[in-house]
Number of protein chains: 2
Amino acid sequence: MLRTNTCGELRKEHLGEVVTLCGWVQRLRDKGGMVWIDLRDRYGITQLVFEEGVTDKKIIEESKKAGREDVISITGEVVKRVASNDKLQTGEIEVRVSELQYLNRAKLPPFLIDDETDGGEELRMKYRYLDLRRNPVRKSIEFRNKLMQQTRSYLSGQDFIEVETPVLIKSTPEGARDFVVPSRMNPGEFYALPQSPQTFKQLLMVSGFDRYFQLVKCFRDEDLRADRQPEFTQIDCEMSFVERQDVLDMFEGLVRNLFKGLLGLEIEKFPVMSYDDAMKNYGSDKPDVRFDMKFTELNDLVQGKGFNVFDQAELVVGIKATGCGDYTRKQLDELTDFVRRPQVGAKGMVYLKCNADGTFKSSVDKFYSPAQLQDWANAFDGQAGDLILILAGEHASTRNALNVLRLHMGDQLDLRKKDVFKPLWIVDFPLLEWDEESQRYHAMHHPFTSPNPDDMEMLNSDPGSVRANAYDMVINGVEIGGGSIRIHDRKLQEQMFKALGFSESEAEAQFGFLMEAFQFGAPPHGGIAFGLDRLCAVFSGQESIRDFIAFPKNTSGRDVMINSPSPISAQQLNELSIQTNLK
Amino acid sequence: MLRTNTCGELRKEHLGEVVTLCGWVQRLRDKGGMVWIDLRDRYGITQLVFEEGVTDKKIIEESKKAGREDVISITGEVVKRVASNDKLQTGEIEVRVSELQYLNRAKLPPFLIDDETDGGEELRMKYRYLDLRRNPVRKSIEFRNKLMQQTRSYLSGQDFIEVETPVLIKSTPEGARDFVVPSRMNPGEFYALPQSPQTFKQLLMVSGFDRYFQLVKCFRDEDLRADRQPEFTQIDCEMSFVERQDVLDMFEGLVRNLFKGLLGLEIEKFPVMSYDDAMKNYGSDKPDVRFDMKFTELNDLVQGKGFNVFDQAELVVGIKATGCGDYTRKQLDELTDFVRRPQVGAKGMVYLKCNADGTFKSSVDKFYSPAQLQDWANAFDGQAGDLILILAGEHASTRNALNVLRLHMGDQLDLRKKDVFKPLWIVDFPLLEWDEESQRYHAMHHPFTSPNPDDMEMLNSDPGSVRANAYDMVINGVEIGGGSIRIHDRKLQEQMFKALGFSESEAEAQFGFLMEAFQFGAPPHGGIAFGLDRLCAVFSGQESIRDFIAFPKNTSGRDVMINSPSPISAQQLNELSIQTNLK
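A. Seen up close, the overall build of chain A. On a plain count of helices and strands, chain A comes out with 17 helices and 23 strands. In terms of overall dimensions, chain A has C-alpha extents of about 95 × 75 × 55 Å along its principal axes. A burial count over chain A gives 58% of its 583 residues as buried. Partitioning the contacts of chain A with sequence separation of at least 6, the portion at a separation of at least 24 is 66%. Summing over all exposed atoms, chain A offers an accessible surface of approximately 24,000 Å²; the carbon and sulfur share of this is 46%. Where the 73 positive side-chain charges of chain A centre and where its 90 negative ones centre are 6 Å apart.

Have a look at this one:
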């Protein structure tokens, strides 16, 4: 090794030892007769000292040439610091340098390699290898590694086997858009990159592997919203001979183990909430339950009193912001503007202030008597000093807008603490969603999800009402995983494809291998997949997954560091039997 | 859970317990009044018993309908077996069934689910999920999982961080052919799938990650020879501030740890052999050193004596097969035929038998005196009863042919034991190979490999003689890993690209990002990558990697189970701005 120790390692015990360190120059202080260099590596920072009368003159001169991010190697004696630095692990010592070598000089970096950098997003992505030197980014990548290793260790301890499934698979029109790979050896044919290893993990259950997991790259060629990546990593799991509760127990166990191991937190048993309750009480299938502020429906109380907006609304629904009764006109106008933004989409907002003196003030009090307003307040259990915010309109969009307002109020009232974690399970999703555009049902989860056994009979008569035997894990308003008990019976799978509008031959061409496999002894099975990138971000209290991915792509799917994608040669195109077709 | 126990779990301690098991029907024996079923899952086999007078009649009738591979659930009491079966972990008990449920019926499988199956290769690949039920295949996949987890655990213990590098990267013409992925959002442009994460792991070193590893899928669009897969998995590693010996020590440590943990074997320190010595003594850069049988060169002894074939040969070289002096004419003819096969490519073979009576018999004894033949024998330290086999011709092809013959003799003499492991390092490879076709040098390893520091000056004057600072790990004649100390200096990297015939603008376009990164403080670094599939096979004494891959492709790159690759829709092609171009 070119070093005897790392820059995070030396302590008082090492005093008197002669050591060799390698690392990057973080900082140089030159006081003429004394020079200090902070030497950095992944493990920490060690202070180097060069002193006139002690250090060779030439070496002092050399040390003064050190620029930020130069890579150097030094040898010297570990000595006690005059004033120790509590902020550094190595703060009790410094190294009195007797040899200095520049291993590689560095140009001035285009942005500060510091916790708070002056580099903009684009610059940091172009020089991602420099951005990765910054503490917060490096720590995010280290955190991801810890989470991955602990996940593997936990699941291995539960008899799960990690099996790698293929990356070059087959394109299927169901679901999101596939990335495809032209096959040179099979001209005119294409592989697809997996959106998930779904069918393969089910086949592994048919094979009897019983408990499978994989940390696996998946791919979706979607228009990228901020914070979505074309390639992402799943913790993909499947188990045989299980019912829903078994899967919930197992993976609640995993996530609680991760909380304990990574954050030192004991998390209590996860509540289980139905999709219907989540939508009714929070207007979202991924409610943030760090705070209460449940929805209260007001149709019965407010309709038929002459206020046209409420009378014509499918739904009148509100939330109570405790202690916000003193909001000013300006604050209330801001909230109204907030809900009117196109992303939220409400037409307006009605408020009800519960004044300290027991009276009420509302934006619509000309339509309602004080007694009626009292009834509203009672519906929310509103006390003096509370504020009630009400939206009205079409069911789904109103619930959705109120959900956004609720989260916004949660932020304003600091009810969404980064160090508080409230996981829960959402269950009993609808199996199918009606798609107006294609005039057919889509699988809400995917076509392999089993219907709830109690609803099996409605699959032909009333498919839209059938509940899925599916579940999502939600933490702090973020869906971090989802899964289902799968269909393991050929007939039911055929029925499902039919409900989704597949012809028999389409179903056969795309998933014939799976349906055939079901005929050779497929066990009952179910599973789950977690978004690893998202899980890391949620555990770290971060909104963005970007820093948990070493080399992310931008929203055009471009890696600006290596400048990819890029044109390929005519010879490559020719060998692959394709040509580009630019409009 | 649909079961209380697995089929591999029940022992004498469980006698009297009422248990529920799920699994596959391995075997049914119906003796009229008594029925036995062997119930199988991943964990083992448990014998079920149905007995007239004890078991409900209906259940006995039901049990008789059980077909091979049906999935059933049973409940019953654990009872002692009359005659225990030592071959089964559960052989002391059986379960007296009181409830029986068919969870899924199975069609008759197209081949026997047994250690020795009657299914041909093609059928087993089409029904891979059934092939995976067979013990040897399941165990191979389980072995791979163990090897993966132990590798991660060892490297994590050595401060290595697992970092995922991107799968959608950029195509570069250097090396093998890339698989490419058309970008929908960037029409006319393509991603490539990585042949290895080489440049990314080097960038991670520039980032200061210090020790990186990843178990990672890699892709090469090569014409597939038997036992090569278009996608394969590497154990990919890189370290900073290291010299060659540090890398060898670290990864010898890993592999010895795997031998110990997976096979219970203590392996002694790996010998280090130069490429030149390997080629000279074994005619191969991946010698199988489980047996000696080194090459002996005979040019001085045999040339100029009137035997034209030897006189005109660049190289006359042989091996000694100890104790094979009694080979018959037929055996010797078979060996001659063997070396003449086009895959071996020798023109003929000369033998020398050291007879028991001290005389010699050779195929060319009319050209050589008994004394001369004695000199030959002496060169090999040949004793009475030994056989010497000699090839002659052009240097490289003759060494190669003799290597093949040596391995063949090793097999014949049973010197290549499956349970003996002889790893070694091969070092000092040539940096560059001259390619006649393109009339330029190619990198023997890859263009990022550092020259041996001692040979640096020859890089311009005599590039063909420069040794690389590279190393391969070889076990039992199989290269299982290779790596190098990398270039970390922009100037040297430029010089290297120049030696490889890159123009400045080509080098910049393809690897500009890496060369720029070298200017921002790149540490000295080096690494290695192991072929995981191959490593599993070698550890298991298997020739083929196929069974260590859950869902392999055939030699046309086709997955015959899912029937991939396949045509995609006109809409997909259109969205991707490509069209097929079939000749």
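B. Inspection of the packing of aromatic side chains at higher detail. Applying the stated criterion across every chain yields a total of 49 aromatic pairs over all chains. Taken together, a centroid distance of 5.9 Å and an interplanar angle of 70 degrees make the contact between B:F160 and B:F251 edge-to-face. With B:F160 in the loop between helix 4 (135–157) and strand 6 (161–162) and B:F251 in helix 6 (residues 244–263), the pair connects residues that are 91 residues apart, well separated along the chain. For the pair shown, B:F160 and B:F251 are each scored as buried. Measuring from centroid to centroid gives 4.9 Å for B:W434 and B:Y441, while their planes differ by 80 degrees, and the two rings are edge-to-face. In textbook terms, an aromatic cluster arises when at least three aromatic residues are bridged by ring pairs, as seen for A:F307, A:F310, A:F367, A:Y368 and A:W376.

C. Broad picture of the sheet that holds strand 2 (residues 34–41) of chain A. Residue and element names in this part refer to chain A. The mixed closed barrel is built from five strands, whose spatial order is 1-2-3-5-4. Direction aside, neighbouring strands of the sheet carry axes that sit 55 degrees apart on average. Relative to strand 4 (residues 71–80), strand 1 (residues 18–30) runs antiparallel, the two sharing seven bridges. When the bridges of strand 4 are listed, C22 appears paired with S73.

D. Spotlight on a negative patch on the surface. All names here are of chain A. Residues D114, D115, E116 and D118 make up a contiguous surface patch of negative charge. Along the chain, D114 turns up in the loop between strand 5 (93–104) and helix 2 (121–126). D114 gets classed as partly exposed once you look at its relative accessible area, which sits at 37%.

E. Inspection of the side chain of B:Q195 at higher detail. Residues and elements named next belong to chain B. Mapped onto the elements of the fold, Q195 is located in the loop between strand 8 (190–192) and helix 5 (198–206). What makes Q195 buried here is its relative accessible area of 13%. Of note is the side chain of Q195, whose polar atom sits 2.7 Å from the side chain of D178. The contact partners of Q195, leaving out residues within four places of it in the chain, are G175, A176, R177, D178, C218, F219, R220, F232 and Q234.

F. Focus on helix 15 (residues 504–517) of chain B. The end-to-end C-alpha distance of helix 15 of chain B, which contains 14 residues, comes to just 17 Å, noticeably less than the 20 Å that a straight helix rising 1.5 Å per residue would cover. Residue B:F511 marks the point of greatest curvature in helix 15 of chain B, where the axis turns by about 85 degrees. All of the buried residues in helix 15 of chain B are B:A507, B:Q510, B:F511, B:G512, B:F513, B:L514, B:M515, B:E516 and B:A517. Packing partners of the buried residues in helix 15 of chain B comprise helix 2 and helix 3 (128–131) of chain A together with helix 5 and helix 14 (490–499) of chain B.

G. Quick look at the pairing of strand 16 (residues 387–393) of chain A. Residues and elements named next belong to chain A. Along strand 16, six of the seven residues are buried, which leaves the element largely enclosed by surrounding structure. In this sheet, strand 16 lies alongside strand 13 (residues 315–321) in antiparallel orientation, the contact comprising seven bridges. Bridge assignment links A321 to a residue of strand 16, and that residue is L387.

H. Quick peek at the relation of the copies chain B and chain A. You can overlay chain B on chain A at an RMSD of 0.1 Å; the transform is a turn of 180 degrees with a shift of 0.0 Å along its axis. Expressed as a symmetry operation, the mapping of one chain copy onto the other fits a two-fold axis. Most of the interface of chain B is mirrored in chain A: 100% of its interface residues are interface residues there too.

I. Up close: the packing of helix 10 (residues 329–340) of chain A against helix 12 (residues 395–412) of chain A. Residues and elements named next belong to chain A. Helix 12 packs onto helix 10 with a crossing angle of 140 degrees between their chain directions and a minimal axis gap of 10 Å. Between helix 10 and helix 12, the angle is such that the two are oblique. Here helix 10 and helix 12 pass one another in a crossing that is right-handed. For the pair helix 10 and helix 12, the contacting residues are L335, F338 and V339 in the first and V404, L405, H408, M409 and Q412 in the second. Per-class residue counts for the contact of helix 10 with helix 12 are six nonpolar, two polar and no charged.

J. Expanded view of the interface of chain B and chain A. Chain B puts 128 residues into the contact, and the matching count from chain A is 128 residues. Roughly 11,400 Å² is buried in total at the junction of chain B and chain A, and carbon and sulfur atoms are behind 57% of that figure. It is B:E164, B:F241 and B:F520 that lose the most area in chain B upon contact with chain A, and together they represent 8% of the buried surface on that side. Taken together, the links from chain B to chain A amount to 14 salt bridges. We note a salt bridge from A:E162 to B:R152, for which the minimum N-O separation is 3.2 Å. Inspection of the region where chain B meets chain A yields 76 residue pairs in polar contact (both at pLDDT 80 or more). The leading source of residues in the side of chain B that touches chain A is helix 4 of chain B, at nine residues. Residues that form the side of chain B that touches chain A fall into these classes: 64 nonpolar, 29 polar and 35 charged. When strand 23 (residues 578–580) of chain A meets strand 23 (residues 578–580) of chain B, the two strands line up antiparallel, connected through three bridges.

K. Region of interest: the environment of B:E69. Along the chain, the position of B:E69 falls in the loop between helix 1 (57–63) and strand 4 (71–80). For B:E69 and B:K80, which are eleven residues apart along the polypeptide, the C-alpha to C-alpha distance reads 26 Å. In this structure, B:E69 is in contact with A:F520, A:G521, B:W24, B:V25, B:Q26, B:R40, B:A106, B:P109, B:I113 and B:R133, ignoring residues within four places of it in sequence. A distance of 2.9 Å separates polar atoms of two side chains, one belonging to B:E69 and the other to B:R40.

L. Spatial organisation of helix 4 of chain B. With 23 residues, helix 4 of chain B ought to run about 33 Å at 1.5 Å a step, and its terminal C-alpha atoms sit 32 Å apart, in line with that. Following helix 4 of chain B by one or two positions, B:D159 adopts a phi angle in the positive range, close to 70 degrees.

M. Fine view of the side chain of A:S484. All names here are of chain A. Structurally, S484 can be placed in strand 21 (residues 478–485). In this structure S484 comes out as buried when scored by relative accessible area, which is 0%. Within the structure, the side chain of S484 is placed 2.8 Å from the side chain of R486, a separation counted as a polar contact. Setting aside residues no more than four positions away along its own chain, S484 makes contact with H445, H446, T449, N469, A470, Y471, G526 and G527.

N. Structural context of unusual backbone geometry. Residue and element names in this part refer to chain A. With omega at 0 degrees, the peptide bond leading from S564 into P565 counts as cis. Summarising the element assignment, P565 is placed in the loop between helix 16 (532–539) and helix 17 (570–575). Look at D159: it is not a glycine, yet its phi comes out positive at around 70 degrees. Residue placement: D159 occurs in the loop between helix 4 (135–157) and strand 6 (161–162).

O. Quick peek at the nonpolar core. Membership of the largest hydrophobic core comes to 55 residues, with the highest contact counts inside it found for A:L203, A:L204, A:I426, B:Y129 and B:F551. The contact partners of B:Y129, leaving out residues within four places of it in the chain, are A:L203, A:V206, A:S207, A:F513, A:E516, A:A517, A:F520 and B:M561. Ranked by size, the runner-up nonpolar core spans 54 residues in total, among them B:Y441, B:V466, B:F502 and B:F518.

What counts as what
- Residues numbered from 1 in each chain as written.
- Chains lettered and ligands numbered in written order.
- Predicted model: local features only at pLDDT ≥ 70, side-chain atom pairs only at ≥ 80, totals over all residues.
- Heavy atoms only, no water.
- Helix = DSSP H or I, 4+ residues; strand = E, 2+ residues; numbered from the N terminus.
- Buried < 20%, exposed > 50% of the residue type's maximum accessible area, 1.4 Å probe, protein only.
- Contact = heavy atoms within 4.5 Å.
- Areas by Shrake-Rupley, 256 points an atom, 1.4 Å probe, with all protein chains shown as cover.
- Lys, Arg positive; Asp, Glu negative; His and termini not counted.
- Charge placed at Lys NZ, Arg CZ, Asp CG, Glu CD.
- Phe/Tyr/Trp six-rings, centres within 6.5 Å; stacked < 30°, edge-to-face > 60°.
- Pairing = 2+ DSSP bridges.
- Axes fitted to C-alpha atoms, helices over the stretch in contact; angles between N-to-C directions.
- Patch = residues over 30% accessible without salt bridge, like charges linked within 9 Å, V, L, I, M, F, W, Y side chains within 5 Å.
- Salt bridge = Lys/Arg side-chain N within 4 Å of Asp/Glu carboxyl O.
- Polar contact = N/O pair within 3.5 Å; in protein donor to acceptor, adjacent residues only side chain to side chain.
- Expected span 1.5 Å × (residues − 1).
- Bend = angle between axes of the 7 residues up to and from the residue.
- Least-squares fit on C-alpha atoms with pLDDT ≥ 70 in both.
- Parallel < 35°, antiparallel > 145°, perpendicular 65-115°, else oblique.
- Left-handed = near helix turned anticlockwise from the far one by under 90°.
- Nonpolar A, V, L, I, M, F, W, Y, C, P; charged D, E, K, R; others polar.
- Buried area = accessible area lost by both parts, 1.4 Å probe.
- Core = buried A, V, L, I, M, F, W, Y, C linked by side-chain atoms within 4.5 Å.

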